[in-house]
Amino acid sequence: MNQPYSDLDPDNYDALPQTVVAMSRNYAQGHDSGVHQHRQAQLVYACNGVMRVETAQGNWVLPPQRALWVPPQTPHRVMIASDAEMRTIYVEPAATPGLPARCMVLEVSPLLRELILALTALPIRQDEGGRASLIATLIIAELHELPTAPLHLPMPHDARLTRLCDYVLGRLDGEETLEQLADLAGASSRTLARRFRSETGLSFREWRQQARLIRALELLAQNEPLKRIAERLGYASQSAFSAMFHRTLGVEPSHYFAAMPVRPLGEAERHAGLQRRA
């Protein structure tokens, strides 16, 4: 008798012959996968809930309208910011030419969402040319068409910048300038500014604003009041925070999770076993 995808241990996915394999799991807020990697490429996606993913290259936040493309053999860590219904996919390396060679946030189209949900509802093993195979082909085609989304916080590698960034991430309500933080980093502000731009593509000011945006999305997913979010992130007022959010993402923070309505999952789609590694 065929198993649904959700009954398969993720550690056994490598043994399956399919080009695309879908995983269905539910995770509670606070779940942490730990650092791990997969032989296949992975599209880290939750149709409900918010996740944060960390790699050596940076951090990403993933609301339901977004997914992270993770190339094969990329160490990563998935943390669940709010209860999440993960419906992620694994793609054989041979099927990834033309897809990003580095981690990237993609905007999930309604079509891709439905294709992923359809694949997770099917038995694990399908005949070549069957429905699952056709859905997998469409998934690969759709991945090539997805636009990227600005939800990435690049992390530097320079030890001095790493110390500075760790400090800032621990107190995002701070307003210190790069000049004021130079002693903490152990380098001149001019050197830090040059290295920051070189390693992250952003100025220090831009990087801190992006860090605040990433954290804001996690707090929104946890139903934190807007006024409190603004305070925790160092904004003078709720309106100042909302203006930054709208300028960056094109929507008011109070409307962000309603900007792309999604249909509720059916009972078959909700089936998911015990929490496993993402």
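Everything quoted here is computed from the prediction, not taken from an experiment. (Residues numbered from 1 in each chain as written. Predicted model: local features only at pLDDT ≥ 70, side-chain atom pairs only at ≥ 80, totals over all residues. Heavy atoms only, no water.)

Caption draft 1: Quick look at the packing of aromatic side chains. Evaluated as defined, the whole model comprises four aromatic pairs. For the ring pair Phe 196 and Phe 204, a centre distance of 5.7 Å and an interplane angle of 85° mean the geometry is edge-to-face. Using a relative accessible area of 0% as the deciding quantity, one classes Phe 196 as buried. Taken together, a centroid distance of 5.8 Å and an interplanar angle of 75° make the contact between Phe 196 and Trp 207 edge-to-face. Taken together, the positions of Phe 196 in helix H5 (residues 189-200) and Trp 207 in helix H6 (residues 204-221) put the pair eleven residues apart, joining distant regions of the chain. Each member of the pair Phe 196 and Trp 207 is classed as buried. Grouping aromatic residues by their ring pairs yields a cluster made of Phe 196, Phe 204 and Trp 207. Over the ring of Tyr 235 we find Arg 212, and its NZ or CZ is 5.5 Å from the ring centre. (Phe/Tyr/Trp six-rings, centres within 6.5 Å; stacked < 30°, edge-to-face > 60°. Buried < 20%, exposed > 50% of the residue type's maximum accessible area, 1.4 Å probe, protein only. Helix = DSSP H or I, 4+ residues; strand = E, 2+ residues; numbered from the N terminus. Lys NZ or Arg CZ within 6 Å of the ring centre and 35° of its normal.)

Caption draft 2: Highlighting the nonpolar core. Judged by nonpolar contacts, the single largest core of 57 residues is most densely connected at Val 44, Met 51, Leu 68, Leu 164, Phe 241 and Phe 245. With ten residues, H6 is the single largest residue contributor to this core. If we ignore the near neighbours within four places in the chain, the residues touching Phe 241 are Ala 216, Leu 226, Ile 229, Ala 230, Leu 233, Tyr 235 and Pro 253. Of all hydrophobic cores here, the second largest spans 28 residues; its members include Tyr 45, Trp 69, Leu 119 and Leu 146. (Core = buried A, V, L, I, M, F, W, Y, C linked by side-chain atoms within 4.5 Å. Contact = heavy atoms within 4.5 Å.)

Caption draft 3: Focus on the layout of surface pockets. One number sums up the size of the largest pocket: a volume of about 390 Å³. For the largest pocket, the lining is made up of 19 residues, of which Arg 52, Asn 59, Leu 153, Leu 169 and Leu 172 are closest to its centre. Of all the secondary-structure elements, those providing two or more residues to the lining of the largest pocket are strand E3 (51-55), helix H3 (159-170) and H6. Considering every element that reaches the lining of the largest pocket, the biggest residue donor is H6, with four residues. (1 Å grid on protein atoms, 1.4 Å probe; cavity = no way out; pocket = protein on both sides within 12 Å on 5 of 7 lines; lining within 4 Å. Points joined across faces, edges and corners; volume = space filled by probe spheres on them.)

Caption draft 4: Here's a closer look at the pairing of strand E7 (residues 84-91). Summarising burial for E7: eight of the eight residues are buried, a large majority. The side-chain alternation of E7 yields two buried faces, one formed by Ala 84, Met 86, Thr 88 and Tyr 90 and the other by Glu 85, Arg 87, Ile 89 and Val 91. As paired elements, strand E1 (residues 20-27) and E7 share eight bridges and run antiparallel to each other. Of the residues in E7, the one forming a bridge with Val 21 is Tyr 90. (Pairing = 2+ DSSP bridges.)

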